[in-house]
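What follows is the residue order along each chain.
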Amino acid sequence: MKYSYNASPNYRAKRSTDNIMFDITLGLLVVLIYACIWYGLNSGWNYSVRIVCMALVTTITAILTEAIYFKVMKKEVGHTLKHSYVWVTALIITLITKINVSFYALIIATVIAVLFGKLIFGGFGQNIFNPAAFAEAIIMNSFAASVAPDFTTGSTPMATFAAHGWVVSGDKMNSLLDSFHHFGGLILGNYFSTIGGSFALVILIVGAYLIYKKAIDWRLSCTYLLSVLIMSLAVGIIHGNMLAFTLLNLFGGGVIFGAIFMLTDPVTSPVSTAGKYIFAIGSAMLTLLIRWKANLPDGVLFSILLMN
């Protein structure tokens, strides 16, 4: 006689995966729309059109990649695609990419990320790496020179302060911050960076909604942000720029976006409570370590991949 053992569902989840992914998709679309408006007002509406085109390119590429894969694997394409939620990955890829990245680079990176960062492990629910982070790592390392000449972007706060060695004196700190409209500019995202990663206030509002709807785990986001704040505060005190250094590391770059949309990925984040805290604190430590000591302007992306 053959016995089969399976884990029993001891309780029913209050929210379905479909509902959770709907809320996350809605949150990403809010940030995408805000990015279109901001770029339209500050650079021209042709920039807004390009953002929409980039989102369509990544989404269509991701869906086609999965559809072809499911067809080859003899799976029911329509049903499997519906429960794969690959459009979430596509939207995140768009939002963490600079506006001048070529469509060619976007397509290749999306295909590789979906195929080797997700499908090769068994698809949604089984991948060990965040596919969107995987795609952006490919773009940064292999397609940095593949850009659209008609669209320009400026130096980010992270790149600027990294070029000055991060430890900047009070007067010099204020001078550099002024070029990004000081702390108000950092919080509102009034500077050129990745398409949607810099709008800290908007992302925090969306994050509060997602936490309220229980679409993301507050322990991951809050622990990560609190860890970044405490570690930046400690280093800021040592070097005499406590407030400025802390706010720069918290609101500059992709920390807020990573805390809300990437660290909380239900597939690649830990299940246990202790694991969530370790994952968040470890990601925060690696984020700041990469920022301050590595030859990269921002460490959010690679910290999440390393912790994965």
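Residues numbered from 1 in each chain as written. Predicted model: local features only at pLDDT ≥ 70, side-chain atom pairs only at ≥ 80, totals over all residues. Heavy atoms only, no water.

Draft legend 1. Structural view of the packing of aromatic side chains. All told, the structure shown has 10 aromatic pairs when counted by the stated rule. Taken together, a centroid distance of 5.1 Å and an interplanar angle of 80° make the contact between Trp38 and Tyr39 edge-to-face. Assigned by exposure class, Trp38 and Tyr39 land together as buried. Arranged with centres 6.4 Å apart and planes meeting at 10°, the rings of Tyr39 and Tyr47 form a pair that is stacked. Since its relative accessible area comes to 1%, Tyr39 is described here as buried. Put simply, the rings of Tyr34, Trp38, Tyr39, Tyr47, Phe192 and Phe199 touch in pairs and so form one group of aromatic residues. Positioned above the aromatic ring of Phe103, the side-chain terminus of Arg50 is 4.5 Å from the ring centre. (Phe/Tyr/Trp six-rings, centres within 6.5 Å; stacked < 30°, edge-to-face > 60°. Buried < 20%, exposed > 50% of the residue type's maximum accessible area, 1.4 Å probe, protein only. Lys NZ or Arg CZ within 6 Å of the ring centre and 35° of its normal.)

Draft legend 2. Representation of empty space enclosed by the protein within the structure. This model, assessed by the stated rule, comprises 2 cavities of 30 Å³ or more. Taken as a whole, the largest cavity holds about 240 Å³ of empty space. Among the secondary structure elements, those contributing two or more residues to the lining of the largest cavity are α1 (17-43), α4 (86-95), α6 (131-142) and α13 (255-262). Residue contributions to the lining of the largest cavity peak at 3 residues, all from α4. Taken together, the residues of the lining of the largest cavity sort by class into 13 nonpolar, 5 polar and 2 charged. (1 Å grid on protein atoms, 1.4 Å probe; cavity = no way out; pocket = protein on both sides within 12 Å on 5 of 7 lines; lining within 4 Å. Points joined across faces, edges and corners; volume = space filled by probe spheres on them. Helix = DSSP H or I, 4+ residues; strand = E, 2+ residues; numbered from the N terminus. Nonpolar A, V, L, I, M, F, W, Y, C, P; charged D, E, K, R; others polar.)

Draft legend 3. Broad picture of the packing of helix α10 (residues 200-212) against α13. Relative orientation of the contacting elements α10 and α13 amounts to 20°, with a least axis distance of 9 Å. Viewed along their axes, α10 and α13 adopt a mutual orientation that is roughly parallel. Relative to α13, the crossing made by α10 is left-handed. Touching Ala200, Ile203, Leu204, Val206, Gly207 and Leu210 of α10 are Ile256, Phe257, Ile260 and Phe261, all from α13. Residue composition of the contact of α10 with α13, grouped by class: 9 nonpolar, 1 polar and no charged. (Axes fitted to C-alpha atoms, helices over the stretch in contact; angles between N-to-C directions. Parallel < 35°, antiparallel > 145°, perpendicular 65-115°, else oblique. Left-handed = near helix turned anticlockwise from the far one by under 90°. Contact = heavy atoms within 4.5 Å.)

Draft legend 4. A look at α13. Of all 8 residues in α13, 8 are buried, a share of seventy percent or more. Regarding α13, the residues found buried are Val255, Ile256, Phe257, Gly258, Ala259, Ile260, Phe261 and Met262.

Draft legend 5. Fine view of the nonpolar core. Counting residues in hydrophobic clusters, the biggest one holds 81 residues, and the most contacted among them are Leu28, Tyr224, Phe257 and Phe261. Among the elements that line this core, the one with the most residues is α1, at 10 residues. Setting aside anything within four residues of it in sequence, one finds Tyr224 in contact with Val255, Ala259, Leu263, Ala280, Ser283, Ala284, Thr287 and Val300. Grouped together as the second largest cluster of nonpolar side chains are 8 residues, Ala62, Ala67, Val86 and Val114 included. (Core = buried A, V, L, I, M, F, W, Y, C linked by side-chain atoms within 4.5 Å.)

Draft legend 6. View of the pattern of salt bridges. What the rule picks out here adds up to 3 salt bridges. In this structure, Glu66 and Lys118 form a salt bridge, with 2.9 Å as the shortest nitrogen-oxygen distance. In this pair, Glu66 sits in helix α2 (residues 45-72) while Lys118 sits in the loop between α5 (103-117) and α6, placing the two residues 52 residues apart along the sequence. Asp217 is the partner of Arg219 in a salt bridge, and the nearest nitrogen-oxygen pair spans 2.9 Å. Among the charged side chains, a salt-bridge network with shared partners connects Asp217, Arg219 and Lys276. (Salt bridge = Lys/Arg side-chain N within 4 Å of Asp/Glu carboxyl O.)

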